[in-house]
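Below, each chain spelled out in residue letters.
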Amino acid sequence: MTEEEAELVSGWHYEAPYDVYGWMPWDEMKKLGIEFGDPELREQQYVTIYRDNLLHGFAQLFPLGGTTRLGIGMRPDLCGQGLGTSFVQAVAEEALRRIPGQEIDLEVLTWNQRAIKAYRKAGFTITDLYERMTPEGMKPFYCMVYQMPSLD
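The structure displayed is predicted, hence computed values, not measured ones. Residue indices follow the written sequence of each chain, beginning from 1 at its first position. Where local features are concerned, this predicted model is filtered to residues with pLDDT of at least 70; where side-chain atom pairs are given and counted, the filter is 80 or more; whole-chain, interface and lining totals use all residues. Processing note: side-chain calculations cover all non-hydrogen atoms of the structure and skip hydrogens and water entirely.

Visitor: How should the overall build of the protein chain be read in this particular structure?
Guide: Helix and strand counts for the protein chain come out as five helices and six strands. Helix and strand assignments come from DSSP, with helices taken as H or I runs of at least 4 residues and strands as E runs of at least 2, each series counted from the N terminus. For the protein chain, the α and β elements follow one another from N to C terminus as α-α-α-β-β-β-α-β-α-β-β. We take the radius of gyration over the C-alpha atoms and set the globule estimate at 2.2 Å times the residue count to the 0.38 power. For the protein chain, whose C-alpha radius of gyration is 15 Å, the value lies close to the compact-globule estimate of 15 Å for 152 residues. By principal-axis analysis of the C-alpha atoms, the protein chain measures approximately 50 × 35 × 30 Å. We call a residue buried when its accessible area falls under 20% of the maximum for its residue type, exposed when it is over 50%, and partly exposed in between, using a 1.4 Å probe and counting protein chains only. Residues classed as buried in the protein chain amount to 40% of the 152 residues present. Considering only contacts within the protein chain whose residues lie at least 6 apart along the sequence, 49% involve residues at least 24 apart. Total accessible area on the protein chain stands at roughly 9000 Å², and carbon and sulfur atoms take up 52% of it. In this tally Asp and Glu are treated as negative and Lys and Arg as positive; neither His nor the chain ends contributes. By convention, the charge on Lys lies at NZ, on Arg at CZ, on Asp at CG and on Glu at CD. For the protein chain, the distance from the average site of its 14 positive side-chain charges to the average site of its 23 negative ones is 5 Å. Whether two residues are in contact is decided by their heavy atoms: any pair within 4.5 Å suffices. A 1.4 Å probe and the Shrake-Rupley method give the accessible areas. Residues count as covered only by the protein chains that appear here.

Visitor: I would appreciate a short explanation of the pairing of strand S6 (residues 137–146) in the present structure.
Guide: Working note: regular strand, side chains alternate between the two faces of the sheet. By the convention used here, strands pair only if DSSP detects at least 2 bridges between them. Both strand S4 (residues 103–109) and S6 contribute to a ladder of five bridges, which runs antiparallel. For Glu107, the partnering residue across the bridge sits in S6 and is Cys143. Of the strand pairs in this sheet, strand S5 (residues 124–134) and S6 are connected by 10 bridges, and their pairing is antiparallel. Looking at S6, one finds that Thr125 is bridged to Val145. The loop that links S5 with its antiparallel partner S6 comprises two residues.

Visitor: How should the environment of Leu83 be read in this particular structure?
Guide: Looking at the secondary structure, you find Leu83 in the loop between strand S3 (67–74) and helix H4 (84–98). Sequence separation between Leu83 and Ala118 is 35 residues; the distance between their C-alpha atoms is 8.4 Å. Leaving out residues up to four positions away in the same chain, Leu83 has contacts with Arg51, Met74 and Leu78.

Visitor: When you look at the sheet that holds strand S1 (residues 46–51) in this model, what are you seeing that I'm missing?
Guide: Either a parallel or an antiparallel arrangement is found when strands of a sheet pair, and the pairing is made through backbone hydrogen bonds. As summarised here, the arrangement of the six strands in space is S1-S2-S3-S4-S6-S5, forming an open sheet in which the pairing is mixed. Looking along the sheet, the strands with just one partner apiece sit at the ends: S1 and S5. Geometrically, the sheet is characterised by an average inter-axis angle of 30 degrees between neighbouring strands, direction not taken into account. Lines are fitted to the C-alpha atoms to define the axes, a helix being fitted only along its stretch in contact, and any angle between axes, read from their N-to-C directions, falls within 0 to 180 degrees. Along the sheet, H4 contacts S1, strand S2 (54–64), S3, S4, S5 and S6; its crossing angle with S3, the most-contacted strand, is approximately 145 degrees. Lying over the sheet, helix H5 (residues 113–121) contacts S3, S4, S5 and S6, oriented at roughly 160 degrees with respect to S4.

Structure below.
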């Protein structure tokens, strides 16, 4: 992810209730050096996804012990159009390519059935339910683990 792509992504705005997935303004993120506002972190963990030369989204490949945890963001105007499954599969395959042998997982708010449906179709299975802190307080999340397709 380049700095220009990071600035673009930080400006994406989602409609409610998905607006919880938005970012702080780019200037603030860069000044604080957090998430993809940190050049080193951006280089190490963030990738962008293009299709037909258009930026479709990004992913964070976060190392977590023997697991790579995915953070996924699709361009707001593409959400809800049936593109999520192939998008998430591409991200999971790239994570496996970069860090072979790692378990691939992600977290999703339990109310986000649109994302859960896409993740399931992409090969993820719910393995855990827990609460964790969000800017709006404690919220329930599922952990979903990628099950590589069999070669049969």
